[in-house]
Amino acid sequence: MEMAFLSSTRQFLSGTRKDSKSKPPFLLSIRSSTTLIVLTVNLAIFTDIFYYGLVIPVIPFSLTVQVGISEDQVQHWTSILLACYSVALFVGSPLAGLYADHTSSRRWPLLIGLVALAGSTFLLCFGNSIGLLVLGRLLQGFSASIVWSVGCALLIDTMQNSVGVAMGYVGISMSVGLLVAPVVGGVIYNAAGYYAVYYLAFGVVAVDILLRLFMIEKKVARQWIDDDQNISPPGPEANELDVEAAAMPITPGGETQEFPIEASEIQISASAPAPESTGQPADNNEEKRGETAEINDQNSAARTGHPSLPRQIKTLLKSSRMLAALYGLVVEAGLMMGFDATLALFVQDTFRWNSTAAGIIFLALYVPGFISPLVGWLADRYGARWPSLFGFCLTIPLLVCLRFVTESTVEHKILLGFLLSLLGVALAFGNVTLMAELTYVIEAKSASEPGVFGENGVYGLGYGLFTMAWALGGTIGPLWAGYVVASAGWGMMTLSFAIWSASGAVVVYIWLGGPEV
């Protein structure tokens, strides 16, 4: 009885089927549906952003009341706690991605992330020493690294034909989290006190836990679905389905590319030899068949081999398109987080707005993020270069014009809201397309060098690098913006950001989405 329970638990956690007689999980079709998987991953991303923004307003209270830090040390330790999150996110992201790529199921790392998230929430809520708060923020950053790296990879596994749209859903989750969390955190703290903020966090985490446990990823579900399909005798349609399954996801431009490895194997195992074409010399046909056999041998060797981890990382980082996308993401994150650090203080000083009004102005910046799925669809159809370039080019004049908001008049307030709304559109065009480009690069590299990433692929590693780039930009942006505003003013900060955005536009135009991978 005990062994059966342990075996069932192992199957549940790892996703590996015990034996051929194992019954399929309850409600398999619903739990492995694209809708549920997309909902689960995006709720996990929302939870991370929401929890991050929720606790920011109460950290000073934790330091003074819970820990007993003196008032003159609050800013110092607040900065350290914020930095702890970024450090854990930066370091943990590639590790989480690598682990996800080398496991039979992405459920394991997601469950590990749940443990880290629960521990972080508990420590930040009840911690009464600076060491416990630091540990809580480190666990929070580690949990976020798993959510972003593994979650985005799982989305790609699930929506291979709509990579840009999948990243668009991620953009919506980010926008909602960034919008809701600070406002809700401040309101609940003022109305119900310190612990009420964490009670809400516990509730959101509980829903996230239930969905992650309920979800079954598609490659796990195929262990039972494939068997059901194999019961019926194969007909002509079966070979067509197999060939379609071996095809690459739709690449930018609306065309499909085949995986040379899988297509060749299917041609050997499931297809009859093609008749010789008339009008072709016999020796020419023999030469082509010899070349095909040689390619098939190379593909089989590549498929059975296991590329080393350093080789996989080196292959990704040698790609000019990958590096261009990562640099663009550093810029995008820097711009977004830079405004998070300075915009509220600017409107308070310039317009004399209170904290509620200052929070509302962020609606103008983040509500346009709801167009992200549309932007992703454009990237799937036309490639990432031109939508991303449009976003960066639109960002430049908007950032320059923000320096003209200087007076507490209705005209200047309307101008600020208008410019921030357009800036939100521009950031959506840049961010979503760059995230999708990471998948396009991996797919193009896999097609040009079959077997270079092994059987499991490197989507986890790719989005681990994305999260690293985002963490780096999220660290640089607030420091840059805060220092420039303090030393040279709001106008110089927006101008310097415009120059930074221009560098991103140049990189995107030259290297993004080109034929070189």
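Considering the side chain of threonine 158
One can find threonine 158 in helix α7 (residues 130–158). A polar side-chain atom of threonine 158 sits 2.8 Å from the main-chain carbonyl oxygen of leucine 154.

Observations concerning the packing of helix α8 (residues 163–192) against helix α20 (residues 410–448)
Any two packed helices are characterised by the angle at which their axes cross and by the distance between the axes. α20 packs onto α8 with a crossing angle of 145° between their chain directions and a minimal axis gap of 8 Å. The two elements α8 and α20 meet at a crossing, and its hand is right-handed. Contacts from Val163, Gly164, Met167, Gly168, Val170 and Met174 in α8 reach Asn431, Val432, Met435, Ala436, Thr439, Tyr440 and Glu443 in α20. In terms of residue class, the contact of α8 with α20 is built from eight nonpolar, four polar and one charged.

A word on helix α19 (residues 385–401)
Compared with the 24 Å implied by 1.5 Å per residue over 17 residues, the 25 Å span of α19 between its first and last C-alpha is a close match. Here α19 has its buried residues at Arg385, Pro387, Ser388, Leu389, Gly391, Phe392, Thr395, Leu398 and Leu399. For α19, the secondary structure elements touched by its buried residues are α15 (320–351), α18 (372–382), α20 and α22 (490–511).

Observations concerning the nonpolar core
Core analysis: the largest hydrophobic core is formed by 101 residues, its most contacted members being Trp148, Met167, Phe339, Leu402, Leu420, Leu423 and Phe466. Counting residues per element, this core draws most heavily on α15, at 16 residues. Phenylalanine 339 has contacts with Phe362, Leu365, Leu399, Leu402, Leu423, Trp490 and Phe497, leaving out every residue within four places of it along the chain. Among the nonpolar cores identified, the runner-up in size contains 25 residues, and Ile69, Leu81, Tyr198 and Val205 belong to it.

Focus on the packing of helix α3 (residues 34–55) against α7
One can describe the packing of α3 onto α7 by two numbers: an axis separation of 10 Å at closest approach and a directional angle of 155°. Taken together, the axes of α3 and α7 are roughly antiparallel relative to one another. With respect to the hand of their crossing, α3 and α7 are arranged in left-handed fashion. From α3, Thr34, Ile37, Val38, Val41, Asn42, Ala44, Ile45, Asp48, Ile49, Tyr51, Tyr52 and Val55 reach across to α7, where they touch Arg137, Gln140, Ala144, Val147, Trp148, Gly151, Leu154, Leu155 and Thr158. Its residues assigned to classes, the contact of α3 with α7 comprises 14 nonpolar, five polar and two charged.

Considerations on empty space enclosed by the protein
Here the idea is plain: a probe the size of a water molecule rolls over the atoms and shows the empty space left. Enumeration according to the criterion identifies three cavities of 30 Å³ or more in this entry. Considering only enclosed or pocket space, the largest cavity measures out at about 130 Å³ in volume. What lines the largest cavity is a set of 13 residues, and nearest its centre among them are Ser175, Met336, Gly369, Ala428 and Asn431. Elements with a minimum of two residues in the lining of the largest cavity: α8, α17 (362–366) and α20. Sort the elements by how many residues they give to the lining of the largest cavity and α20 lands first, with five residues. Looking at side-chain class alone, the lining of the largest cavity contains seven nonpolar, six polar and no charged residues. The computed volume of the second largest cavity comes to approximately 60 Å³. At the level of elements, α3 and α7 are the ones that each hand at least two residues to the lining of the second largest cavity. Ranked by the residues each element gives to the lining of the second largest cavity, the list is headed by α3, at three residues. For the lining of the second largest cavity, the residue count by class is five nonpolar, two polar and one charged.

Side note on the packing of aromatic side chains
Counted according to the given criterion, the structure contains 18 aromatic pairs. Aromatic side chains phenylalanine 351 and tryptophan 353 sit 4.9 Å apart centroid to centroid with 50° between the ring planes, which places their arrangement in the tilted category. Looking at phenylalanine 351, the relative accessible area reads 4%, which means it is buried. By way of ring pairs, the aromatic residues Phe339, Phe346, Phe351, Trp353, Trp480, Trp490, Phe497 and Trp500 are connected into one cluster. If you follow arginine 31 out to its NZ or CZ, it ends over the ring of phenylalanine 214, 5.1 Å from the centre.

Concerning a nonpolar patch on the surface
Taken together, Val87, Phe90, Val91, Leu95, Leu472 and Ile476 make up a surface patch of nonpolar side chains, about 490 Å² in accessible area. Those elements that provide at least two residues to the nonpolar patch are α5 (74–101) and α21 (459–488). Ranked by the residues each element gives to the nonpolar patch, the list is headed by α5, at four residues. Along the chain, leucine 472 turns up in helix α21.

Notes on the environment of phenylalanine 50
The topology assignment puts phenylalanine 50 in helix α3. As a C-alpha pair, phenylalanine 50 and alanine 181 span 131 residues in sequence and 4.9 Å in three-dimensional space. Beyond its immediate sequence surroundings of up to four residues, phenylalanine 50 is in contact with Gly177, Val180, Ala181, Val184, Leu200 and Val204.

Points about helix α14 (residues 309–317)
Here α14 has its buried residues at Gln312, Thr315 and Leu316. When α14 is viewed along its axis, its buried side chains cluster within an angular range of 95° and face the same direction. Of the exposed residues in α14, the ones pointing more than 90 degrees away from its buried face are Pro310 and Lys314. In this structure, the buried side of α14 is in contact with α15, α20 and α21.

Calculation rules
Residues numbered from 1 in each chain as written. Predicted model: local features only at pLDDT ≥ 70, side-chain atom pairs only at ≥ 80, totals over all residues. Heavy atoms only, no water. Helix = DSSP H or I, 4+ residues; strand = E, 2+ residues; numbered from the N terminus. Polar contact = N/O pair within 3.5 Å; in protein donor to acceptor, adjacent residues only side chain to side chain. Axes fitted to C-alpha atoms, helices over the stretch in contact; angles between N-to-C directions. Left-handed = near helix turned anticlockwise from the far one by under 90°. Contact = heavy atoms within 4.5 Å. Nonpolar A, V, L, I, M, F, W, Y, C, P; charged D, E, K, R; others polar. Expected span 1.5 Å × (residues − 1). Buried < 20%, exposed > 50% of the residue type's maximum accessible area, 1.4 Å probe, protein only. Core = buried A, V, L, I, M, F, W, Y, C linked by side-chain atoms within 4.5 Å. Parallel < 35°, antiparallel > 145°, perpendicular 65-115°, else oblique. 1 Å grid on protein atoms, 1.4 Å probe; cavity = no way out; pocket = protein on both sides within 12 Å on 5 of 7 lines; lining within 4 Å. Points joined across faces, edges and corners; volume = space filled by probe spheres on them. Phe/Tyr/Trp six-rings, centres within 6.5 Å; stacked < 30°, edge-to-face > 60°. Lys NZ or Arg CZ within 6 Å of the ring centre and 35° of its normal. Patch = residues over 30% accessible without salt bridge, like charges linked within 9 Å, V, L, I, M, F, W, Y side chains within 5 Å. Areas by Shrake-Rupley, 256 points an atom, 1.4 Å probe, with all protein chains shown as cover. Salt bridge = Lys/Arg side-chain N within 4 Å of Asp/Glu carboxyl O. Arc of directions from axis to C-beta.

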